[in-house]
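Descriptive analysis of the structure
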Amino acid sequence: MDAALLAELIAFCGIETEFNDAWGKPTRVSETQQLELLKAQGFDIEDDDTVRLQLLARQLDFWQQPLQQVSVQRLGEPLQVSLQVALEQANTVIALQLTCEDGQHYTCDLTPVDGELTQVIVLDEVEYHQYLHELPWQLPAGYHQLAIAGSAQQQRLIITPGHCFQPEQFTRHKQWGIALQLYALRSERNWGIGDFTDLSHTLSYLASVGVDFIGLNPIHALYPAMPESASPYSPSSRRWLNISYIDVEAMPGFANCSRTKALIEAPGFVSQLNEQRRKDYVDYSGVMQLKLPAMKSLYQWFSEQKSTTAKDINKAFKQFKLQGGDSLLQLALYDALHAHLYQQNSDYWGWPNWPEQYRDPASDAVMQFSKQHSAELDFYCYLQFIAQQQLAQAQQVAKNAGMLLGLYRDLAVGVSEASTEIWSNPQLYCLQATVGAPPDPLGPAGQNWGLPPMYPYQLYKQAYQPIIDLLRANMQHAGALRIDHVMALLRLWWVPKSAATAAGGAYVYYPIMDLLGILALESQRNQAVVIGEDLGTVPDGIRELLSDYGVYSYRVFFFETAADGGYISPQHYPQQAMATLTTHDLPTLIGFWHCDDLRLGKELGLYQDEAQLKQLYAERHANKQRILDSLHGHRIGGDSVLPHDYPRSSEHLGMDKTLNYALQRHLAATSSQLLCLQLEDALEMTQPVNVPGTSSEYPNWRRKLSQSLEQWSQREDIRQLFSDISRIRKD
């Protein structure tokens, strides 16, 4: 390809050709990788003339619109508008109409040439000018509409605050919480998977020992027809909830429906239920085989009821459907159609593999299915309604118990290719690429997460509505939101499907200032604290920018080292951060100390060669000694977190409860506003939740907690640990 043309394409598509890797080493993206990424975006890289026409069409799509599709501006700064016109229209008066979010209207006339000329471009022998004008209005934060009178030209004008929400109570004391995988909660009452009632009970207990929040895994909607597709980070829809978390026994009618009672009291059902409770790993298919028939029975009961109570529920359900709109109906349609097709043929794992007539949600075949199965669609809408109600009740339990934040939710970075999000909005996603990460300490060979990325320009054309919807939905019933891989606001590592490995990709840039502004606006409106998972390859300046916007950094103890390799004192952590010892992608404390993750990685073939593994072992042994030195050296209130006679050499030292709990108390003294510890570490568990870079090789997202809620909540050692941490955080 012509070098000048390639450079123009790369710039137009926002592809980064040079970057510093996770170890600070300058890295260049090869021309072959650049071309493959352009090909993935639909460009015909074999024919320069065709590529020029493709590029021209995309440029004209932007420049032939007098008003940009969306403009994000900061509250308190001069209000501006860019007008884009062909040269011969530069002296034409344009009548602008502004409709504010509160319904107020304003008008003004502008002549493009009277503004500041900011850009000139010649496309297809036509010269286009861009002029910047200052508008005479002051607008409050919110979503407004700017239009050209007498035309269909409109712009979404978003005025945003410059800072995410931070509770006033943060100025008085520091908070801490427990991270848990909701599915992993064991209880004597659940149906083989943790549910929203388990969550409520856990919140009540943790509030009693001074905990301020529970951090959840993503609870996004997955695939009821294919329960084994269980990764919370590869969902079907991030706007809706995973219905497997519904407590069936808390659904309306459970105590009154004789049909449901007969179903769950049948000997076969009771036997299967007991078996699911005994399992150490969640059997998603087995759980759904129990839950779905019972939920359908209770939906039927609800549909038949005429009582006053049922009328109240029905009224709330109708309002829920009205608010959910097309997105809710789309999810219900997808789930019903998926179940219908998958029962016929297990090859129909998702819409890309469905019969042709069902791949377009607007097709006649899909519309016909929707009409013929309206009751089933309503059933899936009802389950979302119940899930939202039970989640809201859990958050209310937290608030009633005095928790400041209650739940903090987790927003996954993307959706799987088979998702309803992509089925219903395919033009937003690049289906010939997936996102991941270049080689870094978490994934030495790079990571491919199998999630198609959003096109930045399509996101702009849709006026950022998909992002607004995601943020708004995930801040609901939550005091905080963790954004997985927050670097995605700036750039994502795109891996073309043609690439041999995850390292064969490149970074593609996104409009970070617009996205940060929207994040701040939704955070303030929903009063949700924002935590950005800023691990991996972090470019210079991004953490500072996120900090300026009030986003809390994510600091993992294992990675917080000084130049000499020693571990930073907890008192030296940044205040605007959430500190944690480990994460769902890392080994437990015991697993780390005993190198279980390295042995498992070798078994699973995750390392390039024996030399790399040997180096990792050497680094681990050195780090263990540094951790031990840090615990002996740093004091809390003048006291060491370890007994004076505790060993000072890590050689032949196993992880015991004394060391485990000392590590948790050690980090409790962090100066960071937020602290989050893993429940697995309090339970002294060894096996990891997830092994990055694996799918079927390891039972990711299935391992349950080693003890039930009824057991561990009665343990005096755990209560004492949590009470100690609460005291340290309040001191």
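Up top you'll find the structure we're talking about.
Being a predicted model, the structure only gives us computed values, none of them experimental.

Thresholds applied
- Residues numbered from 1 in each chain as written.
- Predicted model: local features only at pLDDT ≥ 70, side-chain atom pairs only at ≥ 80, totals over all residues.
- Heavy atoms only, no water.
- Helix = DSSP H or I, 4+ residues; strand = E, 2+ residues; numbered from the N terminus.
- Rg over C-alpha atoms; globule rule 2.2 N^0.38 Å.
- Buried < 20%, exposed > 50% of the residue type's maximum accessible area, 1.4 Å probe, protein only.
- Contact = heavy atoms within 4.5 Å.
- Areas by Shrake-Rupley, 256 points an atom, 1.4 Å probe, with all protein chains shown as cover.
- Salt bridge = Lys/Arg side-chain N within 4 Å of Asp/Glu carboxyl O.
- Lys, Arg positive; Asp, Glu negative; His and termini not counted.
- Polar contact = N/O pair within 3.5 Å; in protein donor to acceptor, adjacent residues only side chain to side chain.

Tallying secondary structure elements over the protein chain gives 22 helices and 27 strands in all. In terms of overall dimensions, the protein chain is globule-like: its C-alpha atoms have a radius of gyration of 27 Å, near the 27 Å expected for 731 residues. With respect to the principal axes defined by its C-alpha atoms, the protein chain has extents near 85 × 70 × 50 Å. Looking at the protein chain residue by residue over its 731 residues, the buried ones come to 57%. Excluding contacts between residues fewer than 6 apart, the proportion of contacts in the protein chain whose partners are at least 24 apart in sequence is 71%. In the form shown here, the protein chain has an accessible surface area of approximately 30,100 Å², with 49% of it arising from carbon and sulfur atoms.

On to the pattern of salt bridges, then. Applying the stated criterion across every chain, the model contains 37 salt bridges. Measuring nitrogen to oxygen at the nearest pair gives 2.9 Å for the salt bridge that ties Asp597 to Arg620. Pair noted here: Asp597 is in helix H17 (residues 596-603) and Arg620 is in helix H18 (residues 610-633), with a separation of 23 residues, a long-range link. Given the relative accessible area of 10%, Arg620 is considered buried. Through salt bridges with shared partners, a single ionic network connects Arg189, Asp195, Asp198 and Asp247.

In this section: the side chain of Arg729. When you line up the elements, Arg729 lands in helix H22 (residues 716-730). Asp212 is the oppositely charged side chain nearest to the buried, salt-bridge-free Arg729, at an N-O distance of 6.4 Å. At a separation of 2.9 Å, a polar atom in the side chain of Arg729 contacts the main-chain carbonyl oxygen of Gln175. Within the structure, the side chain of Arg729 is placed 2.8 Å from the backbone oxygen of Ser672, a separation counted as a polar contact. Those residues within four positions of Arg729 in sequence are excluded, and the remaining contacts are Lys174, Gln175, Trp176, Ala668, Thr670, Ser672, Gln673, Leu674 and Leu675.

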